[in-house]
Amino acid sequence: MTSTDVSKDAEGSGPSGYAAARLRLLTEEARSGPPRRAALAELTDEWLTGLFAAGAEGLRGVSLVAVGGYGRGELSPRSDLDLLLLHDGGDSKAVAALADRIWYPVWDLGLALDHSVRTPAEARRTAGEDLKVQLGLLDARHIAGDLGLTAGLRTSVLADWRNQAPKRLPELQELSAERAERQGELQYLLEPDLKEARGGLRDATILRAVAASWLADAPREGLDGARRRLLDVRDALHLTTGRATDRLSLQEQDQVAAELGLLDADTLLRQVYESARVISYASDVTWREVGRVLRARAVRPRLRAMLGGGAKPTAERSPLAEGVVEQDGEVVLARAARPERDPVLPLRAAAAAAQAGLPLSLHAVRRMAANVRPLPTPWPAEAREQLVTLLGSGRPTVEVWEALEAEGLITHFLPDWERVRCRPQRNAVHIWTVDRHLIETAVRASEFTRRVHRPDLLLVAALLHDIGKGWPGDHSVAGEIIVKDVAARIGFDRDDVTVLSTLVRHHLLLVETATRRDLEDPATVRSVAEAVGSQGTLELLHALTEADALATGPAAWSSWRGSLVADLVKRVGAVLAGDDPAEPEAAAPTAEQERLAIEAIATGSPVLALRAQTEPPAEEQAPGDPEPLGVELLIAVPDQPGVLPAVAGVLAMHRLTVRTAELSALDLPDGVEGAVLLLNWRVAAEYGSLPQAARLRADLVRALDGSLDIAGRLAERDAAYPRRRGVVAPPPRVTVHPAASRLATVIEVRAQDAPGLLFRIGRALEDASVRVRSAHVSTLGANAVDAFYVTGPEGAPLPGEEAAAVARKLEETLRG
């Protein structure tokens, strides 16, 4: 069925005929994208024309005008109808009656309507006061009535816009920046707003408005395609949800991908991100050009006066590097530059721009991209040095890198980059796509170049540490293979290639070991030392670990994690220097521990103390991270079954997050009979203030004597706060690490974090008749990764089969 056929179905048949024709159009599988949007706009035009003709009989000086998205002929299935009833100020009662004849049928069909009734003068005045109205009128399109009235308004509005552009464009840029701050960047969000986020449809419309001002124009290559793809995604979103929404929620992405014929939700997001990146880059270039033109207009009259009305002054050009100069606040190519003969020029220009904190000119980037030559293998030393200089330039590196990437220069130099470009990361901890995370890591690493003996290796490792995420399997293993090839191609020697591949292979080693393993266990320290191999590599890995975590997101790094990693690095450094870690000896109890133990024996009940943790030294804190280490909770309990689940359950009831947990039997002073368990845990409040120690003790007493139903209380709380609909979490996984310790069996639990998780684990381990020697708790976003050092009743590690059985039972419990 053609658009003409659909339109004929709607003619003379009123709202029901239009509704039926609209439904047929939206359910046609053969038509989608721009043809369907145009057909829907045409169908709607026909229907509204009929409504207008029926109500405007004998009425002159009136027209019906489509504005905004409808004016552009871009109607998505659930788009608003943006309409203006334009009149010459004649019979106001007749105009009002006509408006009712049009608006009410639209409302009766349940269509969203943004409407107004104005004279041309009123429309122009309103546009002058409201930028949103003015932007909508720039796309005004005649539907019915007095064509001359509509044409006159269009001409006047465009003239007003061009005359007022020097004043209104800076205002529009400021509003766009505020919106971007609120909505975020479309190219990185897991649940993006396709319209309002930076790089979305709103920005694409604004670029059209800037072009209409004749003051500047956006780079056109790829822009129309990017806008079309985002509109296609919004169409599919409207059809799959049945709602007028621009928010691409996680639970709807698979359906939207299927509607568009895409492989999966990741393919969908990558397409969205690529489109947003084109629009964002075009916006950056366009606003930079607007600023340049406005500055030139402000300065030119004064210069002409100074020069006596003579010739136009020549823009000053300042040399920055060989073949690279600064001109008018941008980095451009020198007149003598020959990119077709100079394969290092793009890297040299980029490094110079980043070092100067200036943007690369669009013309310069495109000229280099059009004439780029392949570098020899291995790269010459200058090319490698320019890449390192670019990576070490800090925050300006991001904008320069994006300019190179927009024109395909990054994948020219680093072909493996294509697999990580715009790749989403479905992990709440990560706030960037893979490629942007790698650049952010390099930016963070540039802050640590004074801490390491080889800053070049640190910066290149930061750039490439997650390059394996574009391949199946463990990204660290895949990355090690890729980096060996890339580093050799870049021109590093064999020893440097070995260091870089080690850094990439083990870039998660320090933080995972520090937060999930017992640092007092010599086996833990020796295994890290064997993996790292040298003091120099350890130094680089420490800096890379911190840069990687800081570039991941707020949840990935804290003073607490930093202090644990620093402690591990110190211990591993000692081993690499030749010191052999001694087997841990039972530490003599402190005076406070003895006091609590004696009181616990005397009272036959638990005794506890809360005290604030001391902050680590300033050099071990994360920059700008105010997070405290938490509160130390010291508990002495007469030895009895069920201590771990009881304590964990009480803490969960009081909304306390456990960061570390250690349990040990305490040797009592001579003359004191009995056995005491000592629990030394670090906790923090989920929100609000910490509970009083007396309340914790009272609930712990009740939990141990069985009068407090912890499981029931936690279940009641969960029922009172039902979880929102969202992505289904993967099932828990429990594994045994037999070589992680000679003193205990290490059981690792990976699960969705939830209140009471540690209580459930503790109860399951208690039911399995194993003793928990220590627990190392780590929470990253919605994921908990907890390691438990357990022994049998006699204090020895569990036999292999028994350990595997305990792990299977624990996994079954958590899945149930």
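The sections below set out a description of the structure shown in this document. (Residues numbered from 1 in each chain as written. Predicted model: local features only at pLDDT ≥ 70, side-chain atom pairs only at ≥ 80, totals over all residues. Heavy atoms only, no water.)

Observations regarding the packing of helix 24 (residues 535–552) against helix 25 (residues 559–576)
Then, in step 1: Direction vectors running N to C along helix 24 and helix 25 enclose 175°, while the axes themselves pass 10 Å from each other. With respect to helix 25, the axis of helix 24 lies roughly antiparallel. Counting all contacts with helix 24, which are made through Gln535, Leu538 and His542, the residues of helix 25 involved are Val565, Ala566, Val569, Val572, Gly573 and Leu576.
Then, in step 2: Residue classes in the contact of helix 24 with helix 25 are distributed as 6 nonpolar, 3 polar and no charged. (Axes fitted to C-alpha atoms, helices over the stretch in contact; angles between N-to-C directions. Helix = DSSP H or I, 4+ residues; strand = E, 2+ residues; numbered from the N terminus. Parallel < 35°, antiparallel > 145°, perpendicular 65-115°, else oblique. Contact = heavy atoms within 4.5 Å. Nonpolar A, V, L, I, M, F, W, Y, C, P; charged D, E, K, R; others polar.)

Description of the packing of aromatic side chains
Then, in step 1: Scanning the model with the defined rule gives 5 aromatic pairs in all.
Then, in step 2: Between Tyr18 and Trp47, the ring centres sit 4.2 Å apart and the planes meet at 5°, which makes this aromatic pair stacked. Residue Tyr18 is found in helix 2 (residues 14–27), and its partner Trp47 is found in helix 3 (residues 33–55); the two are separated by 29 residues along the sequence.
Then, in step 3: An angle of 90° between the planes, with centres 5.1 Å apart, marks the rings of Tyr104 and Trp107 as edge-to-face. Residue Tyr104 and its partner Trp107 are both found in helix 5 (residues 92–108); the two are separated by 3 residues, about one turn of the helix.
Then, in step 4: Residue Trp107 is classed as partly exposed on the basis of its relative accessible area of 37%.
Then, in step 5: Cation over ring: Arg384 sits above Phe492, and NZ or CZ is 5.6 Å from the ring centre. (Phe/Tyr/Trp six-rings, centres within 6.5 Å; stacked < 30°, edge-to-face > 60°. Buried < 20%, exposed > 50% of the residue type's maximum accessible area, 1.4 Å probe, protein only. Lys NZ or Arg CZ within 6 Å of the ring centre and 35° of its normal.)

Notes on the sheet that holds strand 7 (residues 330–333)
Then, in step 1: Strands sit in the order 5-6-7 across an open sheet of 3 strands; the sheet is antiparallel. Lying at the two open borders of the sheet, with one neighbouring strand each, are strand 5 (317–321) and strand 7. Here the average twist between neighbouring strands, direction ignored, is 40°.
Then, in step 2: Taken strand by strand, helix 13 (residues 345–356) contacts strand 5, strand 6 (324–327) and strand 7, and its axis lies near 110° from that of strand 5. (Pairing = 2+ DSSP bridges.)

Let's talk about the pairing of strand 2 (residues 81–87)
Then, in step 1: A large share of strand 2 lies buried, amounting to 7 of its 7 residues.
Then, in step 2: Of the two faces of strand 2, the one carrying Leu81, Leu83, Leu85 and His87 and the one carrying Asp82, Leu84 and Leu86 are both buried.
Then, in step 3: Pairing analysis gives 5 bridges linking strand 1 (residues 62–66) to strand 2, with the strands arranged antiparallel. By the bridge assignment for strand 2, Val62 is matched with His87.
Then, in step 4: Examined bridge by bridge, strand 2 and strand 3 (residues 113–118) share 6 bridges and lie parallel to one another. Considered in strand 3, the bridge of Leu84 is made with Ser116.

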